[in-house]
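Structure at a glance
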Amino acid sequence: MANFRRFRPDDLNKLSKCNLDPFTETYELGFYLQYYAKWPSLFQVAEDQHGNIIGYIMGKLESSPDVYRFSEHYLPWHAHITAVTVAPEARRLGIGKLLTEQLEVAADANDAWFVDLFVRVTNYKAITFYKNMGYSVFRVVKDYYGEHSTDPSLSSEDAYDMRKPMKRDVKKEHVRDDGEKHEVDPSDVW
Amino acid sequence: MSSYRYGRPALKSTVDVQLQTAFSDGNWSSVVRLATKRAATLKDPYYEAIKMCAQSQLDGTLEKCAMLVAIDDLVKAKKTPDIDTIELYEWACRDFFDYEVEYADTLGPLRARWAKANPGSPLALQCLQSCLENWDLVSAQQISTSLDKAYANTSDRRYMFWNIILTFLLSISPQCTDASRKVYSLLAVRQLERAADLTENSAKLEATDRGLLTEEEICLYYRVLHSHGTKEEFISRLKSPKLGAIGQLKDGRKVLFCEGLDALEKWGEWDLIYNLCREALTLGLEGTTAPFFVCDLQIWRKFASAASKTADSDSALAEVQATLKKYVDIKDQASAMYKKNISLALLETTFRLPATALNPNHDNAGLSPRVVQIGLFLDQYFERLSAFDDVKSYVAELGFDELKKLMEDVLPKILDEDADKARKIVLKALECKLRYLLTTCPQSLSPQPVVDGETKDKLFQCRICANATSLLCESCLKKLLVDASETYKQINGDKELLAAIPRLDKDPRLDLALVMGTSLLKLSKLQPRTSDATQSLWQDVEAGPFLQAVLLLDTQLRETPGDTELRLLLVQLYLLLGCVSYAYQLWTPLDVKRTIQDSLSPLFFDRISTLSPGLIQGPRPLMGPLRNFYEHSLRDKSPVRIWDAFSAGSYTSILDMTEFDGNLRRSCTMMMTLVEERRATRCYGGKIDCEIEEYILTENINDDTNLVGKTDYGPFPNLESVHGPSIHEYLRLGPGLSNERSHLGFLSEQYLDLLSYKPPKDYKPANASAVALRDREYTLETLTRLSSSMTTFLHAPTTPSLLTPAEHTYYTTLSLLSAALLIALSTPRSDPSPKTLSMVTKSIKTALTTLRTTALPHHHPRPGPKPSSSSPAWTSYTGTETHALACLHATATAIKHSAAFVLTFHDRELARDRSGRSGLHRDVLAEMKALGEVAGKSAAEVKGWIQKLKEGLAEGGWLDRVLDLVFGDQNDDQDGEDGVARAVEEVVAGERARRSGRGGWWRVGGRA
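Since the model is a prediction, treat every value here as computed from it, not as a measurement.

Below, the discussion takes up the overall build of chain A. When helices and strands are counted, chain A shows 4 helices and 8 strands. The N-to-C order of helical and strand elements in chain A reads β-α-α-β-β-β-α-β-α-β-β-β. The globule rule puts the C-alpha radius of gyration for 190 residues at 16 Å, and the 17 Å found for chain A is close to it. Dimensions of chain A, computed from C-alpha atoms along their principal axes, come out at roughly 50 × 45 × 30 Å. Looking at chain A residue by residue over its 190 residues, the buried ones come to 59%. For chain A, the exposed area adds up to about 8,300 Å²; of that, 50% sits on carbon and sulfur atoms. Computed over 24 positive and 30 negative side-chain charges, the inter-centroid distance for chain A is 6 Å.

This part covers the UniProt feature "domain: N-acetyltransferase" (unreviewed entry) in chain A. On the UniProt side, "domain: N-acetyltransferase" (unreviewed entry) is annotated at positions that read residues 2-167 of chain A here. As a span, residues 2-167 of chain A carries 23% helix and 33% strand, and end to end its C-alpha atoms are 28 Å apart.

Here we take up the sheet that holds strand S1 (residues 445-447) of chain B. Residues and elements named next belong to chain B. The antiparallel open sheet is built from 3 strands, whose spatial order is S1-S2-S3. The sheet terminates laterally at S1 and strand S3 (468-469), the two strands that pair on one side only. Pairing of strand S2 (residues 460-462) with S3 involves 2 bridges; the strand directions are antiparallel. Within S3, the residue paired with Phe 460 across the bridge is Thr 469.

Here we take up empty space enclosed by the protein. All names here are of chain B. For the structure on display, the rule yields 10 cavities of 30 Å³ or more. Elements represented by at least two residues in the lining of the largest cavity include exactly helix H33 (608-611), helix H38 (668-683), helix H40 (739-756), helix H42 (805-826) and helix H45 (879-912). Of all the elements, H38 adds the most residues to the lining of the largest cavity, at 9 residues. The class makeup of the residues in the lining of the largest cavity is 14 nonpolar, 8 polar and 7 charged. In this structure, the second largest cavity occupies an estimated 190 Å³ of space.

Contacts between chain B and chain A engage 52 residues on the former and 41 residues on the latter. Carbon and sulfur atoms supply 55% of the area that chain B and chain A bury against each other, a total of about 4,200 Å² over both sides. Per-residue buried area on chain B facing chain A is highest for Met 337, Thr 595 and Phe 660 of chain B; these three make up 15% of the total on that side. The tally of links between chain B and chain A comes to 7 salt bridges.

All names here are of chain B. Compared with the 22 Å implied by 1.5 Å per residue over 16 residues, the 23 Å span of helix H4 (residues 61-76) between its first and last C-alpha is a close match. By the burial criterion, the buried members of H4 are Met 67, Leu 68, Ala 70, Ile 71, Leu 74 and Val 75. Lys 78 occupies a position one or two residues after H4 and carries a positive phi of about 55°.

Here the focus is the packing of aromatic side chains. Each aromatic ring pair is summarised here by two numbers: the centre-to-centre distance and the angle between the ring planes. Taken as a whole and assessed by the stated rule, the structure comprises 40 aromatic pairs over all chains. Note on Phe 4 of chain A and Tyr 338 of chain B: the rings are 5.8 Å apart at their centroids and 55° apart in plane angle, and the pair reads as tilted. You can see Phe 4 of chain A sitting in strand S1 (residues 3-6) and its partner Tyr 338 of chain B sitting in helix H18 (residues 336-352), one on each of two chains. You'll find Phe 4 of chain A and Tyr 338 of chain B in the same group, each marked buried. Three or more aromatic residues joined by ring pairs form one cluster here, namely Phe 4 of chain A together with Tyr 274, Phe 292, Trp 300, Phe 303, Tyr 327 and Tyr 338 of chain B. The cationic tip of Arg 163 of chain A hangs over the ring face of Phe 114 of chain A; the distance from NZ or CZ to the ring centre is 3.8 Å. Here Arg 163 of chain A stacks its cationic end above the ring of Phe 138 of chain A, 3.5 Å away from the centre of that ring.

Another aspect to go through is the side chain of Gln 34 of chain A. Summarising the element assignment, Gln 34 of chain A is placed in helix H2 (residues 29-38). With sequence-adjacent residues up to four places away left out, Gln 34 of chain A is seen in contact with Trp 39 of chain A together with Arg 641 and Asp 644 of chain B.

Residue and element names in this part refer to chain A. Spatial ordering of the open sheet is given by S1-S2-S3-S4-S5-S7-S6-S8, a layout of 8 strands whose pairing is mixed. With partners counted over all chains shown, the strands left at the sheet margins are S1 and strand S8 (183-184), one partner each. Here 2 bridges tie strand S4 (residues 78-86) to strand S5 (residues 114-120), and the two strands are oriented parallel to one another. Looking across to S5, one finds that His 80 is bridged to Asp 116.

Residue and element names in this part refer to chain B. Scanning the model with the defined rule gives 84 salt bridges over all chains in all. Ionic pairing is found between Arg 157 and Glu 217, a salt bridge with its closest N-O pair at 2.8 Å. Separated by 60 residues along the polypeptide, Arg 157 in the loop between helix H8 (137-150) and helix H9 (158-171) and Glu 217 in helix H11 (residues 215-228) bring together distant segments of the chain. Judged by its relative accessible area of 12%, Arg 157 is buried. A salt bridge links Lys 522 to Glu 720, with the shortest nitrogen-to-oxygen separation between them at 2.7 Å. Remark: Glu 720 occurs in the loop between H38 and helix H39 (727-731) and Lys 522 occurs in helix H26 (residues 508-523); sequence separation between them is 198 residues. No difference in accessibility class separates Lys 522 from Glu 720, as the two residues are buried.

Next up on the list: the confidence of the model for chain B. Of all residues in chain B, 92% attain a pLDDT of 70 or more, and the chain-wide mean is 91. Ignoring residues within four places in sequence, the model shows residues 862-872 of chain B, a span with pLDDT below 50, making 18 contacts including any to other chains.

Across its 14 residues, H9 of chain B extends 19 Å between first and last C-alpha, which sits within 8% of the 20 Å expected from 1.5 Å per residue. Burial analysis of H9 of chain B places 13 of its 14 residues in the buried class, the great majority of the element.

All names here are of chain B. With respect to the helices and strands, the residue His 906 is situated in helix H45. For His 906, the side chain forms a polar contact with the main-chain nitrogen of Leu 920, separated by 2.8 Å. Here His 906 is in contact with Arg 829, Gly 919, Leu 920 and Leu 925, once residues within four sequence places are set aside.

Here we take up unusual backbone geometry. Residue and element names in this part refer to chain B. The backbone of Trp 135 sits at a positive phi, close to 50°, despite the residue not being glycine. Residue placement: Trp 135 occurs in the loop between helix H7 (122-133) and H8. Of note, the phi angle at Arg 607 is positive, near 65°, even though the residue is not glycine. Of note, Arg 607 is situated in the loop between helix H32 (602-605) and H33.

All names here are of chain B. Taken as a whole and assessed by the stated rule, the structure comprises 0 disulfides over all chains. Lacking any disulfide linkage, Cys 579 is separated from the closest cysteine sulfur, that of Cys 683, by 19 Å. The class for Cys 579 is partly exposed, based on a relative accessible area of 32%.

Calculation rules
Residues numbered from 1 in each chain as written. Chains lettered and ligands numbered in written order. Predicted model: local features only at pLDDT ≥ 70, side-chain atom pairs only at ≥ 80, totals over all residues. Heavy atoms only, no water. Helix = DSSP H or I, 4+ residues; strand = E, 2+ residues; numbered from the N terminus. Rg over C-alpha atoms; globule rule 2.2 N^0.38 Å. Buried < 20%, exposed > 50% of the residue type's maximum accessible area, 1.4 Å probe, protein only. Areas by Shrake-Rupley, 256 points an atom, 1.4 Å probe, with all protein chains shown as cover. Lys, Arg positive; Asp, Glu negative; His and termini not counted. Charge placed at Lys NZ, Arg CZ, Asp CG, Glu CD. UniProt positions renumbered as here; feature names shortened; annotations may be inferred. Pairing = 2+ DSSP bridges. 1 Å grid on protein atoms, 1.4 Å probe; cavity = no way out; pocket = protein on both sides within 12 Å on 5 of 7 lines; lining within 4 Å. Points joined across faces, edges and corners; volume = space filled by probe spheres on them. Nonpolar A, V, L, I, M, F, W, Y, C, P; charged D, E, K, R; others polar. Contact = heavy atoms within 4.5 Å. Buried area = accessible area lost by both parts, 1.4 Å probe. Salt bridge = Lys/Arg side-chain N within 4 Å of Asp/Glu carboxyl O. Expected span 1.5 Å × (residues − 1). Phe/Tyr/Trp six-rings, centres within 6.5 Å; stacked < 30°, edge-to-face > 60°. Lys NZ or Arg CZ within 6 Å of the ring centre and 35° of its normal. pLDDT = per-residue confidence, 0-100. Polar contact = N/O pair within 3.5 Å; in protein donor to acceptor, adjacent residues only side chain to side chain. Disulfide = S-S within 2.5 Å.

Pasting the structure below:
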């Protein structure tokens, strides 16, 4: 049913199975193409037998700007998962996990210390998914999201910054066990 | 990014504070004054540049253009100003580049010269970036050559590959002259060949070596080779140990392998495909790569397909099976996705094997290995949402006896009697979908013997129910519908089942509703909306089952509002019915925005101006976001984010992004956006901002441009087999977007622009006669071009099949009008009466009559379903009629305006030239006047009919009358013996009972 391969710009014309799902955000063209231009190996898709995209992951490789090198929030060279989505019809087949693993392979190939991502603290399903894949909470970013996903009376929601160490981090220096206790402001996140 | 993109360039630090301040404040008069003084005192040409830059910001046209003249002088004199001056000039010229001032003729060459003189400067890189962002490939290639030479022995490998890729891009670009194209092609290939040889022949490459190291570099080589090299070279390299597909796979690089297979498939190199797939899959088994690294379905398909085409196909297919068996043995280690891929690969290989290889005694009857394999697959995956889609194509390949066995023996045995109720229902829903599929497969029919002299409308016998039938067995469809409705009601009546639904992949009622809905559409005799489809929906389609389908699916959408497939289906159905506002209500939650608009917007907006012009024009035009998307994405001449790809060394991304950008600039959806908006505005007599050719989006589109349609039909449900059209082809108003239709739309708008052009009021030429002469020449030239282009597109063999009949008449009329105007304006008064004009106008009148006959009901009594025969005509008025009516209105308006254009032209000429010599021929005027009057009458008829429609809608109670169309009057027995209508009614009513307080369509449930 699925083929895994690197994203191609023409795939943007075949995103409907993923992006018509209300939980998947559709970005500006430049946003997708920025990722494809800079980090093509971290932009992977799963396609069905008709060429429809039924899942994709977008990631990037970066470190914090040099000016923050001596900040406690400085992030060394790492991969970041920006978006991962699977079409409703292709769920429960482990496609999300396979896409994430492919990104981790690319992160290792690029000598990243870790892979990180942001997730709403109330998105228990996603948190469990990432925990099962070896990710752990590194810190809590207070009021990271401008609206709350489940409670309309709240104007913001916290995010977990989750991380998984890559091969380079032999001593596991970039993860911690008590990440839920480390709170930071959105301005500390780059 | 050049600094000018963020604001004014910084002046050199040596410039005094006073001048710096005036410049940063934008105090241009002061800047001119101060810079003039400094230039005189210091004799530094930089101050002349500042002065000119400041002058260009003043209002005077002369001052603005002085900058261009200066640049032109520099380019012609082959002088190289300093980089600060270039920056100033570029900033000052920034607005000119959108208006026919080519960067490649102005700043590009200056940048290239400067970079050539200063290749070691970091600013040379900025020159390259600027040229790339302005898509001046000639200058960019020159700069990259300079940079490559300067950095030949460094570890920054990008310069070498920038040079190669820009040489390649230039070689395939229209910017390259034909004379140079071959040279650049060869240059790109040879440089890469040399690099590839170095890699193949070196034990280990250093970053400073000019070989191929990274995956991007290697893939670039193959892309260039594929484009400019020979097939033999490509194949030879693909087999090589280091740079070959298998060698790269061993290094964990899959891109080349996949791209290589695609190329080989196009060339039909089956032996090599077979060998590569075998080797690649063996690598996984041996542990050289991750076990399931290449275990994609397309690899298995290519492997099996290639094996069946090799010389010794028997042993090759045996090898495929043996490899697959090894994967089956380790399947437990795989993720669910790869397990499923392996199961599908088993299916694929079973179907590709010759029947004799599967079972020597096989008689293609009953429980064949193919049926067994489908059974095994469904046994594992029938509960998955995609199960039907996974097996659909295989089931459609089965012989009738196999189908029978599958449906009667295999499928029912998948679950035991005591299996979970919810699972049983899921299986039942799948069975219904498969039964529907069978009705679309030709193997379920056999030809009926024809008795001499007897004509039969039922030429076949259904092998399932044994009834005589046409191509579609109505009896089977009706039975399926009744069965599906029973299952539907069973679910709704069982609390346990209802409670189980959230745990399932998909609500089975949705599948059942889709089966019932599509069955009803087929029973209504709906045909694909191709060019030969009748204009009136009800002419061939029975309203009862059609509207029952809509009602049923609409009811289901309320139960499962999150299902996009169903929602899209309904959007199309309502558009077909002409209920545009409601269709828009359904469309809105899909949230089609930003990037996906290009592929999905045609599903709602195509031909929308003919259905509901009011919806898309007004203070907040609905198509605004779509136009903004193109204006924003195509604002720059270069592909979006192209410099990012250069910086990152993503060479294949550069090639793909360039191709994507080219397609987006030639998008049929983009042309649709512009044309639909303008038509809607014109419909309401609104003011059109500018001529269609003046839009920046159309600047490079001419008759030779191949406009690209990328509409995504992927999200539609499709229960049909490959033997017939997909469901979306039944539901749209007419053929989808195409190059030919888009061009005709573009040309017709150009024609209408010509008619509506009025010179600015304050334009008072000194020599009015000379200007009038030039205007006339321009008009004649434009008409000649438009007439010729429209005729060419209309006469293309495929064009009629790409338009609705009403569109065809509209475009034909406009083509004839342009010819008529050409004759009218070019026939001297002294000549005899032009006979060709009367022939053309006669054709125009005939076309108009044809459209009136189709679009206006009193010209053409509509056959309709029983209830409509006693209803006012407007109750049977659907989207198809509205479309034809809009085309009639547009045609009549175009004729009226054309006639008015000729008469006004004549009056103007008479007013200017009292001698009357430049006026038009008397017979021409009479002919055009008569034509205008005929068109005026038609336009008035359209207006009158629309008024009637409005009044009809205002009468009230029309919904009841529409509902009568659905199930007939209470006293009618529409149900017949098949019980279809009652089955649908019960499903709808059942849902209503579960949901109270609904209006509109829901009132129908009150009857149950």
